[in-house]
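Topology and contacts: notes
The residues making up each chain are set out below.
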Amino acid sequence: MHPYPFAYRRASTVNEALAFLASEEEPKLLAGGQSLLPVMKLRLAQPGTLIDISEIADLRGVRLDGDTLVIGALTTHHDLETDPLIAKHAPLLAEAARVVGDQQVRNRGTIGGVLAHADPAADYPAGVLALEATVAATSPDGEREIPVTEFFQGFMTSALAENELLTSIRIPILDVTRGMSYQKLANPASGYAIVGVGAVVTLAANGSVGSLKLSLTGVGDVAYRATAAEEALAGQQPTAEAVKEAASHAVEGVEPLDDLHAPAAYRAKVACNLARRAIMTALERA
Ligand SMILES: Cc1cc2nc3c(=O)[nH]c(=O)nc-3n(C[C@H](O)[C@H](O)[C@H](O)COP(=O)(O)OP(=O)(O)OC[C@H]3O[C@@H](n4cnc5c(N)ncnc54)[C@H](O)[C@@H]3O)c2cc1C
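Residues numbered from 1 in each chain as written. Predicted model: local features only at pLDDT ≥ 70, side-chain atom pairs only at ≥ 80, totals over all residues. Heavy atoms only, no water.

1. Some words on the site of the ligand
As a reminder of what qualifies: Note on definitions. A residue lies near a molecule or strand when any single heavy atom of the residue is within 4 Å of it. Whenever a nitrogen or oxygen atom comes within 3.5 Å of another N or O atom, the pair is scored as a polar contact, on the condition that within protein one atom can donate a hydrogen and the other can accept it, and that pairs from neighbouring residues in sequence are kept only if both atoms are in side chains. For the accessible areas, the method is Shrake-Rupley and the probe is 1.4 Å, while residue cover comes only from the protein chains on display. Under the scheme used here, helices are H or I runs from DSSP no shorter than 4 residues and strands are E runs no shorter than 2 residues, and both carry numbers assigned from the N terminus. In this classification, the charged set is Asp, Glu, Lys and Arg, the nonpolar set is Ala, Val, Leu, Ile, Met, Phe, Trp, Tyr, Cys and Pro, and all remaining amino acids, among them Gly, are polar.
In the vicinity of the ligand lie 31 residues, with L29, S35, T110, D123 and G191 positioned nearest. With respect to the ligand, the backbone of L29 contributes an N or O atom lying 2.6 Å from an oxygen atom. One of the backbone N or O atoms of A31 is found 2.8 Å from an oxygen atom in the ligand. Alone, the ligand offers 970 Å² of accessible surface; in the complex the protein occludes 90% of this. For the shell around the ligand, the secondary-structure elements that each account for two or more residues are β2 (27-30), α7 (111-117) and β10 (165-172). In terms of residue class, the shell around the ligand is built from 16 nonpolar, 12 polar and three charged.

Spelled out as structure tokens, the structure:
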């Protein structure tokens, strides 16, 4: 299907993009176009003007700023898969990037686009939640940082205001050895997560689990941290039984989605199994 007619503007700086957002009729930012163009073609979205930000060089790439890993919003899935700083400090994101859609989607799609789109079956929400990231957003009023725990507000709904542009994702680099893993059961047709689980663990000096950050995507209508599972494992010796017990809490307090891709009971079972696998793998890597 063809989209409704729209105007097109290309921004070469963040300020230019913000100015277009303020002046154009029913504007919408265009990054990789891998989610926006399909919904426009289905006529589920009808923006008046597309503001193409894909050429804003400042928004692409990964760098260190002191003890923070800064990922530009336009960094593509392929960039994340292959970037040495990501491999060193946040390999969980490279692991997630590797299983996003197909090669074309990974070459065009961006991490900023994924987070702004807030699809409950997208992969990175689980990654950035487990890594305790913040999201930087800029508007004519200035910049603000939003903890990811407050960023995903509901089905396809983020904390971004209409006049805001997501500029970067910031991940604290901690001075501790961490093991991390991302595990996913993909929809065989689209590649999206039926369930995706991110786990980040630290070990204490006596070999017990210092901390666990466990986050899930695809299960509910918004990605979440499984705090009951995290609390169940913290301070325990990392035995297979303790991990299985903790993982059994992965969907506590959440109503799993029940749709044509997977019934709720199946989703819940897969979530607990993938949580166990993600925690075990993270422990092996810690
Ligand atoms: C066949 C197919 C398979 C896919 N499989 C997966 C998968 O397995 N896992 C997965 O996670 N995703 C998957 N995706 C989605 C893909 O990851 C997209 O790249 C992503 O959802 C959107 O990123 P984008 O850069 O393409 O954003 P766009 O499509 O350009 O934009 C998406 C939305 O975000 C807004 N936006 C974009 N950038 C910004 C910004 N910097 N600031 C504020 N708002 C912004 C846009 O206005 C729009 O509303 C798939 C897509 C396709 C087509």
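2. A short note on the sheet that holds β2
Basically, it comes down to this: DSSP bridges decide pairing: two strands pair if at least two such bridges lie between them. Fitted lines through C-alpha atoms serve as axes, helices being fitted only where they are in contact, and the angles separating the N-to-C directions of these axes extend from 0 to 180 degrees.
Strand order in the open sheet formed by three strands is β1-β3-β2, with parallel pairing between adjacent strands. The two strands at the open ends of the sheet, each matched to only one other strand, are β1 (7-10) and β2. Averaged over all neighbouring strand pairs, the angle between strand axes comes to 25°, with direction disregarded.

3. Comments concerning the nonpolar core
Soluble, globular proteins show a tendency: their nonpolar side chains are buried together. Which entries qualify depends on this criterion: Residues enter a nonpolar core if they are buried and are Ala, Val, Leu, Ile, Met, Phe, Trp, Tyr or Cys, with the set joined through side-chain atoms within 4.5 Å. Accessible area is worked out with a 1.4 Å probe on protein chains only. A residue is then buried under 20% of its type maximum, exposed over 50%, and partly exposed in between. An automatic or database domain assignment provides the domain bounds reported here. Contact criterion: two residues are considered in contact whenever any of their non-hydrogen atoms come within 4.5 Å of each other.
Ranked by size, the top nonpolar core spans 40 residues in total, and within it I71, L93, L115, Y124, I169 and I171 carry the most contacts. Three or more residues apiece are contributed to this core by two domains, here domain 2 (57-172) and domain 3 (178-285). Other than its neighbours up to four places away in sequence, I71 contacts G61, V62, L80, I86, L93, I111, T167, S168, I169 and I171. Of all hydrophobic cores here, the second largest spans 31 residues; its members include I194, A199, V243 and C272.

4. Here's the deal with the domain arrangement of the chain
Where we set the bar: By convention, the term buried area covers the 1.4 Å-probe accessible surface removed from two parts as they join, with the contributions of both added. Should a side-chain nitrogen of Lys or Arg be within 4 Å of a carboxyl oxygen of Asp or Glu, the pair is scored as a salt bridge.
Each domain of the chain was delimited in the assignment, giving domain 1 (7-52), domain 2 (57-172) and domain 3 (178-285). The gap between the C-alpha centroids of domain 2 and domain 3 is 20 Å. Listed by partner, the interface residues are 25 residues for domain 2 and 26 residues for domain 3. Both faces considered, domain 2 and domain 3 share a buried interface measuring about 1,900 Å² in area, 58% of it formed by carbon and sulfur atoms. Put simply, domain 2 and domain 3 have three salt bridges between them. Among the salt bridges present, the one from E132 reaches R225, with a minimum N-O distance of 3.5 Å. On inspection of domain 2 and its partner domain 3, the count reaches 14 residue pairs in polar contact (both at pLDDT 80 or more). Within the residue set of the side of domain 2 that touches domain 3, elements represented by two or more residues are α5 (91-98), α8 (124-130) and β8 (152-154). Taken together, the residues of the side of domain 2 that touches domain 3 sort by class into 17 nonpolar, four polar and four charged.

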